[in-house]
Every structure is written in C-alpha cells, then in structure tokens.
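Listed below, chain by chain, are the residues.
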Amino acid sequence: MNAQENQISFKSLFADFVAITKARLAISVVFSSVAGYLLGFSEFYPFSWATLVLLTIGGYCMVGASNVFNQIIEKDLDALMDRTKNRPVPSGKMSVKTAFILGAVLTIIGIAILYSINPKTAMFGAISIFLYTSIYTPLKTKTPLAVFVGAFPGAIPFMLGWVAATGEFGVEAGTLFLVQFFWQFPHFWAIGWFLYDDYKKAGFFMLPTGRKDKKTALQTILYTVWLIIASLLPVTGFTGELKLSVVSAVVVFLLGLWMLVYAVKLYKKMDASAAKKLMLVSVSYISLLQVIYVIDKFIR
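Everything quoted here is computed from the prediction, not taken from an experiment. (Residues numbered from 1 in each chain as written. Predicted model: local features only at pLDDT ≥ 70, side-chain atom pairs only at ≥ 80, totals over all residues. Heavy atoms only, no water.)

Enquirer: Which residues make up the packing of aromatic side chains, and what values go with them?
Expert: Using the criterion set out here, one finds 25 aromatic pairs in the structure. With centroids separated by 5.9 Å and ring planes inclined at 85°, the aromatic side chains of F148 and F181 adopt a geometry described as edge-to-face. Residue F148 is located in helix α8 (residues 146–166), and its partner F181 is located in helix α9 (residues 171–194); the two are separated by 33 residues in the primary sequence. Since its relative accessible area comes to 38%, F148 is described here as partly exposed. Ring centres of F182 and W226 lie 6.0 Å apart, and the angle between their planes is 15°; this geometry places the pair in the stacked category. Taken together, the positions of F182 in helix α9 and W226 in helix α11 (residues 214–232) put the pair 44 residues apart, joining distant regions of the chain. We classify W226 as partly exposed; its relative accessible area is 47%. Members of the aromatic cluster, joined through ring pairs, are F148, F152, F177, F181, F182, F185, W189, Y223 and W226. Over the aromatic face of F204 sits the side chain of K140, whose NZ or CZ is 4.6 Å from the ring centroid. (Phe/Tyr/Trp six-rings, centres within 6.5 Å; stacked < 30°, edge-to-face > 60°. Helix = DSSP H or I, 4+ residues; strand = E, 2+ residues; numbered from the N terminus. Buried < 20%, exposed > 50% of the residue type's maximum accessible area, 1.4 Å probe, protein only. Lys NZ or Arg CZ within 6 Å of the ring centre and 35° of its normal.)

Enquirer: Before we move on, could you go through the side chain of T121 and cite the residues and values that matter?
Expert: Its place among the elements puts T121 in helix α7 (residues 119–139). Relative accessible area serves as the criterion here: at 0%, T121 is assigned to the buried category. One polar contact links T121 to N118, side chain to side chain, over a distance of 2.7 Å. Each residue touching T121, except ones within four places of it in the same chain, is listed here: L114, L160, V163 and A164. (Polar contact = N/O pair within 3.5 Å; in protein donor to acceptor, adjacent residues only side chain to side chain. Contact = heavy atoms within 4.5 Å.)

Everything listed here is a matter of geometry and, on its own, says nothing about what the molecule does.
So, in structure tokens, the structure goes:
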C-alpha cells in the first residue's frame, strides 16, 4: 500500500471515528464539563491543567462510548432514517464487532481517566453511559418518557466538571445539573418536532404527546420557563459557592427571554421552521449561559 492509499485509509478511519462518536456533540458536552470545572476550582480546590486535560479526554471518551453503543443498538432503525442511514454501522462502513470493541475501549479508557481525577467523577461518568445506552436508547421506541430519562445523562456533563474540580457533589453541582436537565426538554422536543417524519420511520417517540400539537408546544414553553428559573438560582445566594452577580443574572434572564420568545413562536406557528429555530437558539442559550457563569466568576 502506497503513501497515498495510507492517507486515504487514515482519513476514512478518522471520518468513521468522528461520525460514530458524534464528535460535534461530544465536543459540546466536553465544553459543558470544562465550564463546570472552571466554576468549581477555588483556593480550596486549586486549578490544575492536568485535571482539565484529563477531564476533556475522559469526557470525550465517555460521550463517544455512549454514542457508539447507541448506534450499535439502533443500527437497523438508523438505516430507516435519512439523517442516520449513512452512519458507519448502518451503512456497513464499520462492523458491529469493530464498533463494540471501540465502544468498550472508550469506556474503559474514559472511566480510568476520570477515576484518576477522583472516584465520584468516574462514577457519574459510568452512570451516564449506563442510563444513555441501557435505559434511554431502548425507551425511544416505547414511550415519550424516553426524553425524560435521557435528560438525566444529558444533564451530567455540566455538574461533572464541578465534581472533577472539588471531588464533591453538593448544592452547587446539583444546581448545574438542574439547569442542564430542564434545558434538555425544549431542546430535544424542538429536534423531535422538525425531524418528526424521519423519527416516525423508525418508530421513535420524541414528543411528549407523540404528536406535533398545541400540548407539545405548550410543554416546551413551560419547561423553558423552568429553565430560566433554574438558571437564575445562583443569584439567590442559596446555591453555596455557586454564585451569580445581579448584573449577570439580568443578562441570563434576557437570554432566557430570547429562548422563550422562540418557544412561543413554535406555539403560534406550529411548523418545522419554528422548531428548528428554537433548537438553534437553545444551543446558543446553554453555551452562552455557561460562558456568562464563568466570566461572572472571574470578574465578580
């Protein structure tokens, strides 16, 4: 095999790795963990570049492993949907055996790396993989409650960074968990709305009522309100060392209103375009929120 063939082979393998671990999603999850770490370190829990690097690598491995196992379990269903049929396993680019080995290796490496930070970080990482692959994934074809179950592993990354920094799970980590927990609902219901027809091909139940109706849109608004309330908890002074200045709280509130406007637009328009816009705004919301929390800590 010549150098050019080697290069093509490597590019192909790398592309498959990126696809099966859902690199873009994994990086966004790692971003949440890093934000949680930056919020958690203090004079009592000094900042460590080594810990941050380990959290980043270990976090990616855990998310990647979850996505690999998810795609193995759903390979036949993925083949039915336009947006997933070209993934490595359903398309035949990667065998189930190879994918399983990759998922197992990522799990072992991820847990080992997170354990080297502290046992609680590894424990929450392992819980995340278990909930995502063993409960959330099978439930997606059974009940709309799958989104509720999936919100638990989905909410772990933000607080995982705090646990990595402090070795403790208290009111601070719990608050970070709560914020990302409530965020999951409007985000994934928006996705479930504009991808409704594609999900229907595989028999996935992603909307709370199972339909694109007013009740689903109303629940999206209600959970957005809960998200705004949870996001403002640090300004109350009741969340331990996790604090937020009044100025930053106002910015967070305005950010929440921005997302709420798009949730209301979905209720009024009831179409895929409004749902997609809400999804994009929700991604911006959680990223900007985490940035605001971190900046506030350093300038307060």
